[in-house]
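Understanding the architecture of this molecule
The residues making up each chain are set out below.
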Amino acid sequence: MLGLMQDWPLLLHKIIDFAAIQHGGREVVSRTIEGPMHRSNYRQIRDRSLRVAQRLKRDGVRLGDRVATLAWNGYRHLEAWYGIVGLGAIYHTVNPRLFPEQIAWIINHAEDRIVFVDLTFVPLLEALADKLPSVERYVVLTDAAHMPATKLRNAVPYEEWLAEADGDFRWAEFEERTAAGLCYTSGTTGNPKGVLYSHRSNVLHSMASTNGDGLHIESADSVLPIVPMFHANSWSLAFSCPMRGAKLVMPGAKLDGASVYELLESEKVTMTAAVPTVWLMLLQYLRQENKRPTTLKLVGIGGSACPPAMIRAFEVDYGIEVRHAWGMTEMSPVGSTGSIKPVVAGLPRETLLALKEKQGWAPFGVEMKITDDEDNELPWDGKKFGRLKVAGFAVSSAYFKGDGGDILDENGFFDTGDVATIDPNGYMQITDRAKDVIKSGGEWISSIDIENFAVGHPDIQEAAVIGIAHPKWDERPLLVVVPKEGRTPQRDDVINFLQSRVAKWWLPDDMQLVKEIPHTATGKINKMKLRETFKDYRLPTA
Ligand code: ADP
């Protein structure tokens with residue numbers, strides 16, 4: 001027997017409708033690329049997104065068509081997203097930090113018909129335009145006064161283009177599983193793969209990821225999403241903030257410490273989210289200038305592991321709660337957040353700070369398991385580590401156009417490519433990427449663990465550990481470090497330092513100094529490149 005409740009489809013544009021009705025005057029503040037701050041609100045954003053949809057329709061965009069955006073976080077980008085999805089078309093977020101050839105590749109793979117582009121990225125597209133046959137028109141996210149002279153096909157300034165729609169329009173109607181967004185993974189190995197979100201998955205994910213134990217957003221909040229809309233679905237914040245009625249503060253292109261601090265204070269920000277690199281810049285600025293955030297209550301940190309010193313700085317020095325989060329593009333992206341459960345709440349502060357180094361626990365809607373190489377499930381004892389697999393309403397079931405083939409195991413779980421432990425209370429900790437784990441004598445060594453300890457050494461700025469072929473053990477760890485300015489870490493001293501912190505057989509066989517450790521387009525240590533650099537290196541123990 002079926003229930004007798006309404007089949008109210010979970011559509012993304014219903015979020016902006018809701019925000020306009022319940023929180024119409026709630027502000028959306030943007031630092032524009034042109035310079036000045038811009039102030040709008042949810043009512044205006046909704047009105048203008050309706051016109052985006054109407055205008056796109058006039059350009060011939062239909063249900064299922066892909067429309068790209070190559071832009072910073074700002075009000076026009078937000079309007080473009082809602083306008084695109086409200087027509088049943090698909091926003092394709094292009095990450096400008098990818099290599100130009102990759103950008104061309106994904107625009108062609110997506111067959112984008114229209115590209116919304118910020119002034120910043122016009123030159124980037126001009127250099128590629130010859131290679132982008134599917135694009136019929138470029139809409140530059142600016143007004144006529146700031147429009148650059150450009151040869152981009154049918155280029156128009158957004159404001160003029162939008163002015164040609166009168167807003168007498170209704171959202172399109174379709175079912176909730178309709179595709180809404182397309183976001184490509186960085187593709188550090190092989191070509192990027194397209195993750196295709198649906199209206200339903202995005203709506204459910206926004207609700208689930210921003211509850212009190214998650215990113216914790218409510219109408220009283222003023223939220224600064226530094227996580228870009230062009231990477232990993234901006235952690236859902238472009239949907240969850242209007243869904244919760246929170247004020248939205250869009251940082252544009254300026255993500256340095258001083259600019260971020262200025263926004264935190266001037267817009268009375270209470271919640272913000274970004275990758276650790278951004279927080280390093282902010283913390284450095286706060287220390288240099290002897291300043292402190294006065295309204296910020298919660299900071300979401302994820303994308304790569306949050307260093308212990310960063311957790312301590314926010315929580316102890318500034319009294320701001322850290323929510324360490326883990327996830328990936330394929331998970332919409334939030335897979336876990338590290339709030340303190342009642343079962344551990346009474347533990348000493350130091351223990352809780354250490355607990356926050358873990359990547360947190362999975363909310364409703366995300367199922368997790370860890371497995372060994374034979375696909376046997378491993379216990380949640382906080383010690384055994386294995387491949388982390390997930391299932392849920394906002395987890396990919398396949399890549400766009402079937403790339404990569406079948407990506408689920410027989411029980412419908414997706415292999416994240418991460419290696420993790422899960423403790424008896426459900427707290428998961430990433431110990432490595434599966435391809436970076438070091439296999440020594442049939443056992444696994446976690447490169448991330450060693451790196452985390454190594455950066456605690458007073459002479460070390462950054463550390464990376466890679467596996468090097470060894471005749472007896474298969475692989476042994478090599479520690480690669482960037483020294484702190486003016487320091488020269490010594491191999492034996494560092495190994496000594498690690499001795500009390502990791503198991504003896506985990507100790508690196510050698511250490512090498514480098515000026516710089518390579519990073520991927522999204523700021524992660526590029527181990528593939530590092531392994532390439534050290535491909536001719538031989539361990540002294542070999
Ligand atoms: P990209 O590789 O393009 O940055 P993703 O954002 O999808 O794409 O990257 C997801 C990966 O980032 C995860 O599989 C994991 O390896 C890593 N990651 C994300 N959050 C964390 C975290 N809090 N700690 C450690 N690793 C993380």
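Quick caveat, the model's predicted, so the values are computed rather than measured. Within any chain, residue numbers begin from 1 and follow the written order of that chain's sequence. This being a predicted model, a pLDDT of at least 70 is required before a residue's local features are given, and a value of 80 or more before pairs of side-chain atoms are given or counted; all residues contribute to the totals for chains, interfaces and linings. Note: side-chain values were computed over all heavy atoms of the structure, leaving out hydrogens and water.

**Digging into the site of the ligand**
Residues are labelled near a given molecule or strand when at least one of their non-hydrogen atoms is within 4 Å of it. Close to the ligand lie 17 residues; S186, A325, T329, D418 and K524 are nearest. Note on areas: Shrake-Rupley, 1.4 Å probe, and residue coverage restricted to the protein chains presented here. With the chains in place, 90% of the 580 Å² that the ligand exposes on its own is no longer accessible. Here the shell around the ligand takes 4 residues from strand β14 (residues 321–327), the largest share from any one element. Here the nonpolar group is Ala, Val, Leu, Ile, Met, Phe, Trp, Tyr, Cys and Pro; Asp, Glu, Lys and Arg are the charged ones; every other residue, Gly included, is treated as polar. Each residue belonging to the shell around the ligand can be placed in one class, and the counts come to 4 nonpolar, 10 polar and 3 charged. Helical segments are the DSSP runs of H or I of at least four residues, strand segments are the runs of E of at least two, and each set is numbered from the N terminus.

**What to know about the packing of aromatic side chains**
When the centres of two rings from Phe, Tyr and Trp lie within 6.5 Å, Trp using its six-membered ring, the rings pair. Their planes under 30 degrees apart give stacked, over 60 give edge-to-face, and anything left gives tilted. Per the stated rule, a full pass over the model turns up 16 aromatic pairs. Seen from their ring centres, W505 and W506 are 6.1 Å apart, and the 85 degrees between their planes marks the pair as edge-to-face. Residue classification places W505 among the partly exposed residues on the basis of a relative accessible area of 38%. Here a set of aromatic residues connected by ring pairs shows up, and it is made of W81, Y82, Y91 and F239. Its guanidinium or amino end placed over the ring of F497, R501 lies 3.7 Å from that ring's centre, counting from NZ or CZ. Partly exposed residues are those whose accessible area sits between 20% and 50% of the maximum for their type, while under 20% is buried and over 50% is exposed, using a 1.4 Å probe and protein chains only. By definition, being over a ring means that NZ of Lys or CZ of Arg is both within 6 Å of the ring centre and within 35 degrees of the ring normal.

**Section: the environment of G88**
Its place among the elements puts G88 in the loop between α3 (75–86) and β4 (90–93). Every residue pair with non-hydrogen atoms within 4.5 Å of one another is taken to be in contact. Apart from the residues lying within four places of it in its own chain, the contact partners of G88 are L63, G64, F174, T178 and A179.

**Examining the environment of R177**
Structurally, R177 can be placed in the loop between α6 (158–163) and β8 (179–184). On the accessibility criterion, R177 (60% relative accessible area) is exposed. For the pair R177 and L10, spaced 167 residues apart in sequence, the C-alpha to C-alpha distance is 8.4 Å. Every residue in contact with R177, bar those within four places of it in the chain, is listed here: S198 and R200. Looking at R177, its side chain comes within polar contact range of the side chain of E175, at 3.0 Å. Pairs of N or O atoms are called polar contacts if they sit within 3.5 Å, as long as, within protein, a hydrogen donor faces a hydrogen acceptor (for residues adjacent in sequence, only side-chain-to-side-chain pairs).

**A short note on the sheet that holds strand β9 (residues 194–198)**
In spatial order, the strands read β7-β6-β5-β3-β4-β8-β9; together these 7 strands make up an open sheet with mixed pairing. In the strand order of this sheet, the two ends are held by β7 (156–157) and β9, each with one partner. For two strands to be treated as a pair, DSSP must find no fewer than two bridges joining them. Two elements, strand β5 (residues 114–117) and strand β6 (residues 137–140), share 4 bridges in a ladder whose sense is parallel. When the bridges of β6 are listed, F116 appears paired with V139.

**Digging into the domain arrangement of the chain**
Accessible area lost during the coming together of the parts is what is often quoted as the interface size. Along its sequence, the chain is organised into domain 1 (13–198), domain 2 (363–433) and domain 3 (438–533). Boundaries between domains were set according to an automatic or database domain assignment. Placing the centre of domain 1 and that of domain 2 at their C-alpha centroids yields a distance of 33 Å. Between domain 1 and domain 2, the contact holds 11 residues from the first and 6 residues from the second. Summed over both partners, the accessible area (1.4 Å probe) lost when two parts come together is defined as the buried area. Summed over both partners, the interface of domain 1 with domain 2 comes to about 720 Å²; 64% of that surface belongs to carbon and sulfur atoms. For domain 1, the biggest contributors to the area lost against domain 2 are H109, K193 and G194; these three give 54% of the whole. Each reported salt bridge corresponds to a side-chain nitrogen of Lys or Arg within 4 Å of a carboxyl oxygen of Asp or Glu. Where domain 1 touches domain 2, the interface holds 1 salt bridge. Linking E111 and K401 is a salt bridge whose minimum nitrogen-to-oxygen distance equals 2.7 Å. The interface formed by domain 1 and domain 2 includes 4 residue pairs in polar contact (both at pLDDT 80 or more). Contributions of two or more residues to the side of domain 1 that touches domain 2 are made by α4 (100–110), β8 and β9.

**Let's talk about the nonpolar core**
Nine residue types can take part in a nonpolar core, namely buried Ala, Val, Leu, Ile, Met, Phe, Trp, Tyr and Cys, and a core is a set of them joined through side-chain atoms within 4.5 Å. L56, L78, F116 and W161 are the most contacted members of the largest nonpolar core, which totals 77 residues. Counting residues per element, this core draws most heavily on α3, which supplies 7 residues. The residues that make up this core include at least three from each of domain 1 (13–198) and domain 2 (363–433). With sequence-adjacent residues up to four places away left out, L78 is seen in contact with V28, I45, M229, A238, L248 and M250. Counting residues in each nonpolar core, the second largest holds 56 residues, with V135, L263, V278 and I320 among its members.

**Description of the pairing of strand β18 (residues 414–422)**
For β18, a buried count of 8 out of 9 residues is recorded, marking the element as mostly surrounded by other parts of the structure. Relative to β18, strand β17 (residues 386–392) runs antiparallel, the two being bridged by 4 bridges. If you follow G386 over to β18, its bridge partner there is A420. Bridge count for β18 against strand β19 (residues 428–433) is 5 bridges, and the pairing is antiparallel. Bridge assignment links D418 to a residue of β19, and that residue is R433.

**Focus on the sheet that holds strand β12 (residues 271–274)**
Through backbone hydrogen bonds, the strands of a sheet pair up, either in parallel or in antiparallel fashion. One open sheet accounts for 8 strands, arranged β2-β1-β11-β10-β12-β13-β14-β15; its pairing is mixed. Here the strands that pair on one side only, and so sit at the sheet edges, are β2 (37–41) and β15 (334–337). Sheet twist, expressed as the mean angle between neighbouring strand axes with direction ignored, is 20 degrees. Of the strand pairs in this sheet, strand β1 (residues 27–31) and β2 are connected by 5 bridges, and their pairing is antiparallel. What sits directly across from V29, in β2, is R39. Against the sheet, helix α2 (residues 42–58) contacts β1, β2 and β11 (247–250), and its axis sits at roughly 85 degrees relative to β2. Here an angle of 0 to 180 degrees is reported between the N-to-C directions of two axes, which are lines fitted to C-alpha atoms, with helices fitted over the stretch in contact.

**Digging into unusual backbone geometry**
Here the residue pair S332 and P333 is connected by a cis peptide bond, since its omega of 10 degrees sits within 30 degrees of zero. You can see P333 is positioned in the loop between β14 and β15. Here the phi dihedral of N290 falls at roughly 55 degrees; this positive angle occurs in a residue that is not glycine. Here N290 falls in the exposed class, since its relative accessible area comes to 71%. Residue K401 is not a glycine yet carries a positive backbone phi of 65 degrees. If you trace the backbone, K401 turns up in the loop between β17 and β18. For K401, a relative accessible area of 45% puts it in the partly exposed group.

**Some points on the side chain of E267**
Relative to the helices and strands, E267 resides in the loop between α9 (257–266) and β12. According to the relative accessible area criterion, E267 is buried, its value standing at 4%. Engagement of the side chain of E267 in a polar contact is seen with the side chain of K247, the distance being 2.8 Å. Those residues in contact with E267 that sit more than four places away from it in its chain are V29, M37, R39, S222, K247 and V249.

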